[in-house]
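Coordinate analysis (summary)
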Amino acid sequence: MPRHCIKSKRRAQCEQHQQVRMKLLATVVLVAGLAGVAAWGGEAFAGDEHMGTCVFEKLTGQDYKFCRGDLEVFYPELGDVGCTYIPKCNQYRKRISKEWRSPMIVYPQADQNKKYVLIMVDPDAPNRANPKYRFWRHWVVIDIKGTDLRAGKLKGHVLTDYGRPTPPSQSGYHRYQFRLYEQPAHEAISLSPEEKTSLGSWPMERFVEQFRLGSPVASTQFLTQHHSD
């Protein structure tokens, strides 16, 4: 019995309180077991779909260093996927590739008086060992107000519609990078006719230089591979 129950003058009430807490805990554990448990920062683990357990592995090394500035990327059920591998359990890799729409983007440090540019790319097309189609453009949004970024509402002007992460089968893990830039005042940003014709082999660095975006104020990424691999 907890020490504070022994010392309490109202021992019966304390014991009853402890029983209620244990029942609530048992209920939470049961629900978690049925719905699947998400654990962050664990070791590499693909997930056990039969047991309903799902462990998210954090990125390490250079992949981890890419994540800076507290940019948050939220998908349904997964939460903030920044700096993680998308696990195979619960069909998360399939759902992020075929089902879910664009994620919610949050940048708590956004200046309410500024506008921002968001770029999402895959630098590993068709695979990380031979990225001859780098960068594959997945999403470009400009004129995003700082107030909207803080609230998780992306209401800017879309230059490239959101494209779901769809790494080819047997191509290994792909990085899906989100780069957030401050937008220079009075800068008319656009894609050239040539850029609009293709998503692959996009010269992102030239685009950033052309419109004087500078370095990202924040960046993050997640890694995933084809859902059948």
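Residues numbered from 1 in each chain as written. Predicted model: local features only at pLDDT ≥ 70, side-chain atom pairs only at ≥ 80, totals over all residues. Heavy atoms only, no water.

1. What to know about the overall build of the chain
The following threshold applies: What counts as a helix is a DSSP run of H or I of at least four residues, what counts as a strand is a run of E of at least two, and both are numbered from the N terminus. Residue exposure (1.4 Å probe, protein chains only): buried if accessible area is under 20% of the type maximum, exposed if over 50%, otherwise partly exposed. Two residues form a contact once any of their heavy atoms are found within 4.5 Å. Shrake-Rupley sampling with a 1.4 Å probe provides the accessible areas, and residues are treated as covered by the protein chains on show and by no other component.
A tally of helices and strands in the chain yields seven helices and eleven strands. Burial status across the chain gives 39% buried among its 229 residues. Residue pairs at least 24 apart in sequence account for 71% of intrachain contacts in the chain once pairs closer than 6 positions are excluded. In the form shown here, the chain has an accessible surface area of approximately 13,200 Å², with 51% of it arising from carbon and sulfur atoms.

2. Digging into the side chain of Gln177
We apply this condition: Think of a polar contact as two N or O atoms within 3.5 Å of one another; within protein, one of them needs to be a possible hydrogen donor and the other a possible acceptor, and neighboring residues in sequence only count if both atoms come from side chains.
Inspection of the secondary structure assignment puts Gln177 in strand 10 (residues 174–182). A polar side-chain atom of Gln177 sits 2.7 Å from a polar atom in the side chain of Arg179. A distance of 3.2 Å separates polar atoms of two side chains, one belonging to Gln177 and the other to Gln221. In contact with Gln177, other than residues within four places in its own chain, are Phe66, Ile119, Met120, Val121, Pro123, Phe135, Thr220 and Gln221.

3. Structural notes on the environment of Ser171
Counting through the fold element by element, Ser171 comes out in the loop between strand 9 (157–160) and strand 10. Once the C-alpha coordinates of Ser171 and Ala125 are considered, the two residues, 46 residues apart in sequence, prove to be 8.8 Å apart. Setting aside anything within four residues of it in sequence, one finds Ser171 in contact with Pro126, Asn127 and Asp229. Of note is the side chain of Ser171, whose polar atom sits 2.6 Å from the backbone oxygen of Pro168.

4. Points about the sheet that holds strand 7 (residues 115–122)
Two orientations exist for strands paired in a sheet by backbone hydrogen bonds: parallel and antiparallel. What counts here: Strand pairing is assigned whenever DSSP detects at least two bridges linking the two strands.
As summarised here, the arrangement of the six strands in space is 5-11-10-7-8-9, forming an open sheet in which the pairing is mixed. For this open sheet the edge positions go to strand 5 (84–85) and strand 9, each flanked by a neighbour on one side alone. Pairing of strand 7 with strand 10 involves six bridges; the strand directions are antiparallel. For Ile119, the partnering residue across the bridge sits in strand 10 and is Arg179.

5. Side note on the packing of aromatic side chains
Let me state the cut-off plainly: Paired rings are identified among Phe, Tyr and Trp, the last through its six-membered ring, by centres lying within 6.5 Å, and are further divided according to the angle between planes into stacked (under 30 degrees), edge-to-face (over 60) and tilted (the rest). Counting as a charge over the ring demands two things of the Lys NZ or Arg CZ atom: a distance within 6 Å of the ring centre and an angle within 35 degrees of the ring normal.
Applying the stated criterion across every chain, the model contains eleven aromatic pairs. Measuring from ring centre to ring centre gives 6.3 Å for Phe56 and Tyr92, while their planes differ by 35 degrees; the resulting arrangement is tilted. Of this pair, Phe56 sits in strand 2 (residues 53–57) while Tyr92 sits in helix 4 (residues 92–98), and the two are 36 residues apart along the sequence. Accessibility expressed as a relative area gives 2% for Phe56, which makes it buried. Residues Trp202 and Phe207 carry aromatic rings whose centres are separated by 5.1 Å and whose planes lie at 55 degrees to one another, so their mutual orientation is tilted. In this structure, Trp202 and Phe207 share a single accessibility class: buried. Grouped by ring-pair contacts, the aromatic residues Phe56, Tyr75, Tyr92, Trp100, Tyr176, Phe178 and Phe222 constitute a single cluster. The cationic tip of Arg134 hangs over the ring face of Phe135; the distance from NZ or CZ to the ring centre is 5.9 Å. Sitting over the ring of Trp202, Arg137 keeps its end group 5.3 Å from the ring centre.

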